[in-house]
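Structure assessment
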Amino acid sequence: MNMQTTPQQGVQPPPPPVTIQDMRLSVVMMRDILLKTIFRKNVDMVSDIATAICLPRTVTQELVDMAREQRLIEATGTMSATAGSEMGYQLTDAGKARALDALAQSEYFGPMPVPLTVYAEQVKRQSIRNIQITRDQLTGAMGHLVLPNTLLDQLGPAVSAGRSILMYGPPGNGKSSISNGIRDAMGDRIYVPMAIEYAGQVITVYDPIVHSKAEAEKDDPNSLRRRRTFDARYVRCERPTVITGGELTLDMLDLVYNPTARTYQASLQLKSTGGIFIVDDLGRQAEPPQNLVNRWIVPLEESKDILALQSGEKFEVPFDTLAIFSTNFHPNKIFDQAALRRIFYKIKIDGPNQADFLKIFAMVARKKQMPLNEPALVHLLKQKYPEINNVYANYQPVFLIDQMISICEFEGIPYQMTPELVDRAWANMFVEESEIVN
């Protein structure tokens, strides 16, 4: 049974390897990455090599000594003036030849990859399902939104469970903002590997576009033991958030193979491990929504995903992601009941009532320095909204106030709110049916 933790408590970091055996990688693979890194980065001191391949100096020295025994590396016989008594090393002719052969097989060099089995252990330590989100944390992260308490009553248990969520309802009512608020409520940090290894293949995971790096820990370059408290092959990051919309296709959920470098890049959902995967505007993709959800059935039910290498070999990776689907369509129109059963929480996001609408309107006006005007608000509520059966949406206050600001700036007058300006702003929010030409 996993211990639940609050975001403030943090997660257990991956321990750094102490010996080559701790690496649980092929000795040949480690040796070749060492040679390729020395060749490509032109590093010659063990401390610099250790930084380049992200290993402790003691483990790096073991690899260097092994390569020296195979006559692939030799000592230069010179000491570095800036690195104390460190000996310099260089590739022998045989070492250069081996590095070139290894680069022809895979261009990957630099940080030593983490075996998939080792990474799976870390995923359990920092599982999204270990987090216990409180009402205060969720409310604090969504303080900029006006939400009914009943909605938080539904969202809280769904987020704490770390299971899939479907948010549906009319457009413009904050489904995307709520998804982002859930992400902000997490608040803690996890450890993302720069690359993982499976069957001798390297899969890069860390992506600076997806992963927000937390503060760095500095090492003492003159210390024989690295001061870092976790495995340097990982990057300490905020819990990741992957957001996709209408551009999402099924092949984006597979590994991306680079035929030139002969390496793989992690799929979107693998990059989101330990965080949130948001599928916004579900139903707007080229793929039918049913097909997209069918692709997620195994991951959602079994907490594991199936990926494939270029060879066709399939393998399992952890699926530890809070999947949030957001759609403007009614779920029954885009999913069958079998698909809906796989999504654990279905939450309807309705538009605000009149009281909440006014709260949002006043909050936006204050933020944008637009003075409120009672006759203009009465005109809006009594004359304009009855035209659309008093259906309010969260996006409307921002839209209307921005329109009135634009008009004021164009006319060269101070920001103000009048019934006339309300009418002009309202005219831009909707298209009359009579104006539509077939």
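The shown structure was predicted, so the numbers you read here are calculated from the model rather than taken from an experiment.

Describing the sheet that holds strand 9 (residues 241–244)
Taking strand neighbours across the sheet as the criterion, the five strands line up as 9-12-15-4-16 in an open arrangement whose pairing is parallel. Unpaired on one side and paired on the other, strand 9 and strand 16 (345–348) mark the two borders of the sheet. Across the sheet, the mean angle separating the axes of adjacent strands is 15° when strand polarity is ignored. The strands touched by helix 9 (residues 175–186) are strand 4 (165–168), strand 9, strand 12 (276–279) and strand 15 (322–327); relative to strand 15, the strand with the most contacts, the crossing angle is about 165°.

Points about the packing of helix 8 (residues 149–161) against helix 9
Contact geometry for helix 8 and helix 9: axes closest at 12 Å, N-to-C directions at 50°. In terms of axis orientation, helix 8 runs oblique to helix 9. In the packing of helix 8 onto helix 9, the handedness of the crossing is right-handed. Across the interface between the two elements, Leu151, Leu155 and Val159 of helix 8 pack against Ile178, Ile182 and Met186 of helix 9. Across the contact of helix 8 with helix 9, the residue classes break down as six nonpolar, no polar and no charged.

Examining the confidence of the model for the protein chain
As a general rule, the predicted coordinates of low-pLDDT regions are not to be interpreted in detail. Averaged over every residue, the pLDDT of the protein chain is 88; the share at 70 or more is 91%. Across residues 219–226 the pLDDT falls below 50, and counting only partners more than four positions away or on other chains, this stretch makes 14 contacts in the model. Scored below 50 in pLDDT, residues 433–438 shows one contact in the model against residues more than four places distant or in partner chains.

Examining helix 3 (residues 46–53)
Where burial is concerned, most of helix 3 is hidden: six out of the eight residues are buried. Of all the positions in helix 3, only Val46, Ser47, Ile49, Ala50, Ala52 and Ile53 are classed as buried. Residues of helix 3 that are buried in the fold lie against helix 2 (27–41), helix 4 (57–69) and strand 2 (87–91). Where helix 3 terminates, the next one or two residues include Cys54, which has phi positive at roughly 60°.

Side note on the pattern of salt bridges
Applying the stated criterion across every chain yields a total of 20 salt bridges. In this structure, the salt-bridge partner of Lys304 is Glu302, at a minimum N-O distance of 3.4 Å. For Glu387, the salt bridge is made with Lys384, and the minimal N-O distance between the two is 3.3 Å. A cluster of three or more residues bridged by salt bridges with shared partners is formed by Arg31, Asp32 and Arg98.

What to know about helix 4
Counted at 1.5 Å a residue, the expected span for helix 4 with its 13 residues is 18 Å, and the 18 Å between its end C-alpha atoms agrees. Those residues of helix 4 not exposed but buried are Arg57, Val59, Thr60, Leu63, Val64, Met66 and Ala67. Arg71 occupies a position one or two residues after helix 4 and carries a positive phi of about 60°.

As for the nonpolar core
With 28 residues, the main nonpolar core has Leu34, Leu63, Ile73 and Met112 as its most contacted residues. Of all the secondary-structure elements, those providing two or more residues to this core are helix 1 (20–23), helix 2, helix 3, helix 4 and strand 2. In terms of residue count, helix 2 provides more of this core than any other element does, six residues in total. Once you skip the residues sitting within four places of it in the chain, Met112 turns out to touch Met23, Leu25, Met30, Ile33, Ile53, Leu55, Leu63 and Arg233. Formed by 25 residues, the second largest nonpolar core is a distinct cluster that contains Ala376, Cys408, Val422 and Met429.

Reading the values: rules and limits
Residues numbered from 1 in each chain as written. Predicted model: local features only at pLDDT ≥ 70, side-chain atom pairs only at ≥ 80, totals over all residues. Heavy atoms only, no water. Pairing = 2+ DSSP bridges. Helix = DSSP H or I, 4+ residues; strand = E, 2+ residues; numbered from the N terminus. Axes fitted to C-alpha atoms, helices over the stretch in contact; angles between N-to-C directions. Contact = heavy atoms within 4.5 Å. Parallel < 35°, antiparallel > 145°, perpendicular 65-115°, else oblique. Left-handed = near helix turned anticlockwise from the far one by under 90°. Nonpolar A, V, L, I, M, F, W, Y, C, P; charged D, E, K, R; others polar. pLDDT = per-residue confidence, 0-100. Buried < 20%, exposed > 50% of the residue type's maximum accessible area, 1.4 Å probe, protein only. Salt bridge = Lys/Arg side-chain N within 4 Å of Asp/Glu carboxyl O. Expected span 1.5 Å × (residues − 1). Core = buried A, V, L, I, M, F, W, Y, C linked by side-chain atoms within 4.5 Å.

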